[in-house]
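Spelled out from the first residue to the last, the chains are:
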Amino acid sequence: MTLRVLPAALLLPVLMASCAPVASLLATRDAEGPPPRQAGPLTVGETWTVGGPIDGRSVAATIGIQDLVDVPGGTASVNERDRLDAFAAGREGFGVARYDPDRRYLTFSWVGTGNTTYTCEVTTLLSLPYQGRLTMLRGGQPVANGTCEANVRQ
């Protein structure tokens, strides 16, 4: 019986040492709190700069990710009702970021001047800055297309 206890006693320090990295990670998480909510490349607290050339001029928007909420077909920085209200009212400067996990698409939409809205759709999320297709809409109808770039600022 003593021979069986001795090898177990020798293994105990090795087993305890293997727990140290896990304990360290847990202590760090407890000290810093839970990580911010994420949806694809979007993380709460980030700010994205989006824009590009369209219809002979350059347009841009800054979209902050204050929150991430579930919306039909994905996750967005604002809820669907607020988005619909802002776009219907033409609230200039209002912007929303949306991630579709099924298609792995990232879309930024914002209201510009004169009730013009813009949508930058990124379909390939390889490296920053993301490149995509920019669409200008008036009255909900597309009137021009261009290219866009989206980049995150911390």
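To be clear, the structure that these remarks concern was listed above.
Procedures and definitions
Sequence positions are assigned chain by chain, starting from 1 and proceeding in written order. A pLDDT threshold of at least 70 governs which residues receive local features in this predicted model, and a stricter bar of 80 or more applies before side-chain atom pairs are shown or counted, although totals over entire chains, interfaces and linings include all residues. Here the side-chain values reflect all heavy atoms present in the structure, with hydrogen atoms and water set aside. Only DSSP runs of H or I covering at least 4 residues are called helices, and only runs of E covering at least 2 are called strands; the numbering of each starts at the N terminus. Throughout, exposure labels follow a simple rule: accessible area from a 1.4 Å probe, protein chains only, divided by the maximum for the residue type, with under 20% read as buried, over 50% as exposed, and the rest as partly exposed. In what follows, a contact means two residues having at least one pair of non-hydrogen atoms within 4.5 Å. Only the protein chains shown count as cover for residues, and all accessible areas are computed by the Shrake-Rupley method using a 1.4 Å probe. Note on definitions: salt bridges are taken to be side-chain nitrogens of Lys or Arg within 4 Å of carboxyl oxygens of Asp or Glu. Here, the term disulfide refers to a pair of cysteine sulfur atoms separated by no more than 2.5 Å. Between any two strands, at least two bridges found by DSSP are needed for them to pair. The convention used is that axes are lines fitted to C-alpha atoms, helices contributing only their stretch in contact, and that angles between N-to-C directions extend from 0 to 180 degrees.

Colleague: How would you summarise the overall build of the protein if you had to cite specific residues and measurements?
Modeller: When you go through the protein residue by residue, the secondary structure sums to 2 helices and 11 strands. Walking the protein from its N terminus toward its C terminus, one meets helices and strands in the order α-β-β-β-β-β-β-α-β-β-β-β-β. A burial count over the protein gives 34% of its 154 residues as buried. Across the protein, every contact between residues at least 6 apart in sequence was considered, and the portion connecting residues at least 24 apart equals 39%. In the structure as shown, the protein presents an accessible area of about 9700 Å², 56% of it carried by carbon and sulfur atoms.

Colleague: So what's going on with the environment of P129? Which residues, and what values?
Modeller: Relative to the helices and strands, P129 resides in the loop between β9 (116-122) and β10 (130-138). The exposure class of P129 is partly exposed, given its relative accessible area of 29%. Spatially, the C-alpha atoms of P129 and E149 are 6.2 Å apart, while their sequence positions differ by 20 residues. In this structure P129 touches E149, A150 and N151, once residues within four positions along its chain are discounted.

Colleague: Provide a residue-level description of the pattern of salt bridges, including the pertinent values.
Modeller: Tallied over the full model, the rule gives 5 salt bridges. Measuring nitrogen to oxygen at the nearest pair gives 2.6 Å for the salt bridge that ties R83 to E80. With a gap of 3 residues between them, R83 and E80 both fall in helix α2 (residues 80-89), about one helical turn apart. Note on E80: relative accessible area 23%, which makes it partly exposed.

Colleague: Any details on the state of the cysteines? Residues and values, ideally.
Modeller: Summed over all chains, the structure comprises 1 disulfide. The residue that forms a disulfide with C120 is C148, at a sulfur-sulfur distance of 2.0 Å. Between C120 and C148 the sulfur-sulfur dihedral comes to about 80 degrees; the bridge is accordingly right-handed. You can see C120 sitting in strand β9 and its partner C148 sitting in strand β11 (residues 141-153), a full 28 residues away along the chain. With respect to class, C120 is no different from C148; both count as buried.

Colleague: Please set out the sheet that holds strand β5 (residues 69-71) residue by residue, giving values where relevant.
Modeller: Taken together, 9 strands build an open sheet; the order of strands is β4-β3-β11-β10-β9-β8-β7-β6-β5 and the sheet is antiparallel. Either end of the sheet is taken by a strand with one partner, and the two such strands are β4 (57-64) and β5. Direction aside, neighbouring strands of the sheet carry axes that sit 25 degrees apart on average. Examined bridge by bridge, strand β3 (residues 47-54) and β11 share 5 bridges and lie antiparallel to one another. Bridge assignment links V50 to a residue of β11, and that residue is A150. Across the face of the sheet, α2 comes into contact with β5, β7 (95-100), β8 (105-111) and β9 while running at roughly 40 degrees to β8.

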